Every structure is written in C-alpha cells, then in structure tokens.
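As a plain string of letters, each chain reads:
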Amino acid sequence: MLPLTLVFLSCWALVDAGSVSKGGNCTQADSRLQIGTYQFFDDCDSVTYCASNGTCLLKGCRKDEFPFGYATGATLPPLCPSGQFCPDEADVCQAQLTVGSPCQLNRDDECEPPPNAAELADTTNRGLNVDGAVCLNNVCMWANKTSGESCTVENTAYIAYGATGEFIDIVSRGNCVVGLYCDSSALQCMAEKDLGASCTADKECSSWNCLASGVCGVDTTIPKHVGTWVYVVVAIGIFGGIFGTLFGLFILHRRQRDQEREKRMQYWREQNAFHQNLLQMRQTARASILSFPNNGNSARSTMYDEAPIMQHAAPKSSGLRNYLADDSSDEGMMMQPSTRDDGRF
Ligand SMILES: *[C@@H]1O[C@H](CO)[C@@H](O)[C@H](O)[C@H]1NC(C)=O
Ligand SMILES: *[C@@H]1O[C@H](CO)[C@@H](O)[C@H](O)[C@H]1NC(C)=O
Ligand SMILES: *[C@@H]1O[C@H](CO)[C@@H](O)[C@H](O)[C@H]1NC(C)=O
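As a convention, each chain's residues are numbered from 1 in the sequence order in which they are written. Chains carry letters and ligands carry numbers; both start at the beginning, A for chains and 1 for ligands, and go up in the order they are written. Two thresholds apply to this predicted model, a pLDDT of at least 70 for residue-level local features and 80 or more for giving and counting side-chain atom pairs, whereas whole-chain, interface and lining totals are computed over all residues. Hydrogens and water molecules were not included; the side-chain quantities draw on all heavy atoms of the structure.

1. What about the packing of aromatic side chains?
Aromatic pairing here means that ring centres of Phe, Tyr or Trp (its six-membered ring) are within 6.5 Å. Orientation follows from the plane angle: under 30 degrees is stacked, over 60 is edge-to-face, and everything else is tilted. All told, the structure shown has one aromatic pair when counted by the stated rule. The interplanar angle of 80° and the centroid separation of 5.0 Å between the aromatic rings of Tyr-38 and Tyr-158 together place this pair among those described as edge-to-face. Of this pair, Tyr-38 sits in the loop between strand E1 (32-33) and strand E2 (40-41) while Tyr-158 sits in strand E9 (residues 153-162), placing them 120 residues apart in sequence. Burial classes follow relative accessibility: with a 1.4 Å probe on protein chains only, a residue under 20% of its type's maximum area counts as buried, one over 50% as exposed, and anything between as partly exposed. For Tyr-38, a relative accessible area of 30% gives the class partly exposed. For Tyr-158, a relative accessible area of 9% puts it in the buried group. For the purposes of this entry, the term helix denotes a DSSP run of H or I that reaches at least four residues, the term strand denotes a run of E that reaches at least two, and both are numbered from the N terminus.

2. Topic: the state of the cysteines
Cysteine sulfurs are considered disulfide-paired once they come within 2.5 Å of each other. With the rule as written, the count across this model stands at ten disulfides. Here Cys-80 connects covalently by a disulfide to Cys-93, the sulfurs 2.0 Å from one another. The sign of the S-S torsion, about -95°, decides the handedness of the disulfide formed by Cys-80 and Cys-93: left-handed. Note that Cys-80 is positioned in the loop between strand E4 (56-58) and strand E5 (84-85) and Cys-93 in the loop between E5 and strand E6 (94-95), a separation of 13 residues in sequence.

3. Some points on the UniProt feature "transmembrane region" (unreviewed entry) in the protein
UniProt positions are given in the numbering used here, feature names are shortened, and annotations may be inferred rather than shown by experiment. The positions that UniProt labels "transmembrane region" (unreviewed entry) are, in the present scheme, residues 229-252. Taken end to end, residues 229-252 comprises 100% helix and 0% strand; its first and last C-alpha atoms sit 33 Å apart.

4. So, the site of ligand 3
Around ligand 3 lies a shell formed by Val-99, Met-141, Trp-142 and Asn-144. Note that an oxygen atom of ligand 3 is positioned 2.9 Å from one of the backbone N or O atoms of Trp-142. Polar contacts, as counted here, are pairs of nitrogen or oxygen atoms within 3.5 Å of one another; within protein the pair requires one atom able to donate a hydrogen and one able to accept it, and residues that are adjacent in sequence qualify only if both atoms are side-chain atoms. At a separation of 2.3 Å, an oxygen atom of ligand 3 approaches a polar side-chain atom of Asn-144. Here the open area of atoms and residues is found with the Shrake-Rupley method and a 1.4 Å probe, where only the protein chains shown may cover a residue. For ligand 3, whose accessible area on its own is 360 Å², the fraction buried by protein is 44%. Its residues assigned to classes, the shell around ligand 3 comprises three nonpolar, one polar and no charged. Proximity is defined per residue: any heavy atom of the residue falling within 4 Å of a molecule or strand makes that residue near it. Think of it as three bins: nonpolar holds Ala, Val, Leu, Ile, Met, Phe, Trp, Tyr, Cys and Pro, charged holds Asp, Glu, Lys and Arg, and polar takes everything else, Gly as well.

5. Re the pattern of salt bridges
Should a side-chain nitrogen of Lys or Arg be within 4 Å of a carboxyl oxygen of Asp or Glu, the pair is scored as a salt bridge. Inspection of every chain in the model, using the stated rule, returns eleven salt bridges. Between Arg-62 and Glu-65 there is a salt bridge, with its nearest N and O atoms 3.9 Å apart. Given a relative accessible area of 47%, Glu-65 falls into the partly exposed group. Here Arg-173 and Asp-108 are joined by a salt bridge, their closest N and O atoms 2.4 Å apart. Of this pair, Arg-173 sits in strand E10 (residues 165-174) while Asp-108 sits in the loop between E6 and helix H2 (117-120), and the two are 65 residues apart along the sequence. For Arg-173, a relative accessible area of 10% puts it in the buried group. Asp-108 sits in the buried class, given a relative accessible area of 4%. Within the structure, one salt-bridge network assembled from shared partners comprises Lys-63, Asp-88, Arg-107, Asp-109 and Glu-110.

6. Some points on the nonpolar core
Among buried residues, the Ala, Val, Leu, Ile, Met, Phe, Trp, Tyr and Cys ones that are joined through side-chain atoms within 4.5 Å form a nonpolar core. Core analysis: the largest hydrophobic core is formed by eight residues, namely Leu-120, Cys-151, Val-153, Cys-176, Val-177, Leu-180, Cys-182 and Cys-189. By the convention used here, residues are in contact when the closest approach between their heavy atoms is within 4.5 Å. Beyond its immediate chain neighbours, meaning those up to four positions away, Cys-189 contacts Lys-145, Thr-146, Ser-147, Gly-148, Glu-149, Cys-151, Cys-176, Leu-180 and Tyr-181. Counting residues in hydrophobic clusters, the runner-up holds seven residues, among them Phe-85, Cys-103, Cys-111 and Cys-135.

7. Side note on unusual backbone geometry
Residue Asn-106 is not a glycine yet carries a positive backbone phi of 60°. If you trace the backbone, Asn-106 turns up in the loop between E6 and H2. Even without glycine at this site, Trp-208 takes up a positive phi of about 60°. Residue placement: Trp-208 occurs in the loop between strand E12 (189-191) and helix H3 (228-291).

Right, here's the structure in full:
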C-alpha cells in the first residue's frame, strides 16, 4: 500500500513543477526538494533546468527511460552511459562519485559501485542499494556492513495519504549487506527477522512487512496460493452445477412431456368415445329410418353419413385424431368411454 501512495504523491508533485519555459528567468536558490514528497523542484518547466546564469535551458540528460513532461514523439535528452549519472537538475551527465562524496537523496546510482558489486547488489527490488552503492545522509558509501558491525542509518519521513487521511511514512535505509538491517537505536547491522517475530519497522522483517500488531507478517508481494482442496471444491462446484442443471432440466422436461402425453391420451379417449357415440347414433338413426317402410332414405343418408362428420371434426383434431380415425382396428380402446371431463377441450 505504501509504495502505491508514494507513486501517487510523486505524480502529483511532478504536475506541481515550475512554469518558466526555455529562455526565461529563474533563480537557482528556488531549487529544492518538495516537503513530504522530496521531489526535486525548480522554477523551470519539466523540459528545462535552471542554469547557473539564471536562465531556463533545455535539459541535457534524463534519468528515466520515459521522462515526465515531454510531448509524444518529442526529442528526449539522452540517458547517461554506464559509469555516469544524470543529476536531479538534469543539466548534464556526470561521472559517478567516489565513496565519501556528496550525493542527492535516494540517488544510489550517483555513487561508484564497489569492486564486489555483484555480491552486494540488491536483487530483491526493495531499493536497498544500486549495484552495492548507497547514498545515505547525502554521502556515498557501500552497502558492505556485516552482522554486528556499526552502520549508518538514514530516516526520511514522507507524507502519505491513506483511507484515514494524511500520515507519516518513515523510510529507513542503511548500509548493511542484503539480508541485514541497520538498527536505528543500536546502529548495528542485525539479521532480518522471520515470520511472526516482533518488529517495529518493515525493514526488520525478511518479508518486508511489519504488521500493525508488531509482528512480521507475510510478504505482500508474493502471490497468494490456495490449497489443492480449493481447486477440487471449485471443480466439483463447476461440474456439479453443470450436470445438476442438465439433470434438473431433464427431469422437468420429462414431467412436462408426461403431462402432455396424458392430455393427448385423454383427448384421444374422449374423441374415441365421441366417435363411438356417433356411430351408435347413426346406427340407431338408420335402424329407425329403416323401420319406416316407405320413406326415401337417399336424402337423409347423406346427413348421417360418416364423411361429412369427419370433415367437420378435422380442424379441431391434433393429428392423433386422424391417426385414430385411420386406426379403427384398435377396437379395445375405442370401446372405452371417457370417465373424465375436465373441460380442457
Ligand atoms: C529577466 O531578467 C532580466 C534582468 O535580470 C530582465 O531584464 C528581464 O526583463 C527578465 N525577464 C523576465 C521575463 O522577467
Ligand atoms: C545563459 O547561458 C546560456 C548558455 O550558456 C546562454 O545561451 C544564455 O544566453 C545565457 N543567459 C544569460 C541571461 O546570460
Ligand atoms: C566497505 O565500504 C566502505 C565504504 O562505504 C569502504 O571504505 C570499505 O573499504 C569497505 N569494506 C570492505 C571490507 O569492502
């Protein structure tokens, strides 16, 4: 959380740079490190620096790969070659400084590395030193102090902003070798503490995280790893959800299908009974007509004939109706009258 806050502060401070453009008047006495952020500030804008004759001139070098304040595609001043550095003013590249020379705050790269730089260099990405060299209290030195040796410490109080408002973030740096820290009161190099040990500052913990409760916590930069059982539970959850849904839908649709089939069966039975009734009615009518001796039956026979009645019933049928009409061989079913009448037809 803290580095993020500091990055935010740095960006804010850069926006707060001077406004005098190239060729304008400036005063070198105004050049300073901003309170709270320790960002370098001068009267000149972000592409110029304040020269010794009081004029803003274009910067002669840059220390960042992507410097702030340049338009896209603009010509950037050069990065300094190995063995040289670009100071905060960014006027011109200078040769690295020997041990004991004055250097600028947090500019370990301004100091000449020790002969055993590869051995002393900080590879933890915590800004402990640059190639084994460190700038403490504006003096170049090497981070070569071993356990129990007296060391130099530099405490810088930054103003930081969090959810609860403004607070002071003290960054404490020393010249002990990587893996040791410079104790602020004893001024001796001590071994970094393991997880759970009591601490008063982040630098004391090998995890670089001293919790508010005063013990070394887990390194906040390492990704969280979950147990295998979590993967198993998640996998079961996913596949259980998929197959549960499929099975549930299958059951639901089967029930609906059964209900639909039952409806059709009932319709079929009712129509069958209806058809049976008609047949009986026709036979009754025919029998009664035939019982009249001299009555012409050609006109009435069309009235009771099967065909017109079937045609009339056709639009209401559902396909099963036709199937039934064609399949008159199933006398067993046809003889069963419907006992249910729920008015759905
Ligand atoms: C810059 O300073 C010179 C004298 O030191 C003055 O004549 C000139 O007007 C100043 N320019 C601006 C823009 O203030
Ligand atoms: C300051 O120096 C630069 C280059 O050295 C020069 O171009 C500029 O005119 C000088 N300005 C003044 C006010 O002397
Ligand atoms: C440790 O670094 C200092 C400079 O900070 C140097 O003078 C000294 O010789 C170094 N000691 C060793 C053992 O390299």
